[in-house]
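Read off the chains here:
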Amino acid sequence: MSIKKNVPTVATSLGKPCPVCGRTSYSLGGTHPQCSFLAADQKLLELYRDADGWAGKAILNIAGSGKFSSDRTIAEYAASIWDAQPCPIP
Ligand SMILES: [Zn+2]
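A brief look at the structure comes next. These numbers were taken from a predicted model, which means no experiment stands behind them.

### Some remarks on the overall build of the protein
Counting its secondary structure elements, the protein contains four helices and two strands. Counting helices and strands in the order they occur from the N terminus, the protein gives α-β-β-α-α-α. Put simply, of all contacts in the protein between residues at least 6 apart along the chain, 0% involve residues at least 24 apart.

Below is the structure:
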């Protein structure tokens, strides 16, 4: 049994119209990189116009962000490379 995914390949996407601007695209996937950026930016602006929806998405994004990995990285650098000790805040 094989699993076939609908993933564009170089052979199938080159030279076809970009779904955003309609001009011929030679980009992998068929969409010009700048068109992908502009489409995402347009979607962002649409989402931002809905203040309540935007606030909800922002809260979920923050809640799902988890622990910052940079905190652990800095703590490891301080302990193993710099041999620095934490400075208590009075
Ligand atoms: Zn395009």
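### Points about helix 3 (residues 51-63)
For helix 3, spanning 13 residues, the distance from its first C-alpha to its last is 18 Å, which sits close to the expected 18 Å at 1.5 Å a residue. Burial analysis of helix 3 places just zero of its 13 residues in the buried class, a small minority of the element.

### Focus: helix 2 (residues 33-49)
In a regular helix each residue adds 1.5 Å, so 17 residues correspond to 24 Å; helix 2 covers 25 Å between its end C-alpha atoms and thus fits that length. Of all 17 residues in helix 2, zero are buried; the element is thus mostly exposed.

Cut-off values and rules
- Residues numbered from 1 in each chain as written.
- Predicted model: local features only at pLDDT ≥ 70, side-chain atom pairs only at ≥ 80, totals over all residues.
- Helix = DSSP H or I, 4+ residues; strand = E, 2+ residues; numbered from the N terminus.
- Contact = placed C-beta atoms within 7 Å.
- Expected span 1.5 Å × (residues − 1).
- Buried ≥ 20, exposed ≤ 12 C-beta atoms within 10 Å, placed from the backbone.

Honestly, it's all geometry; don't read function into it.
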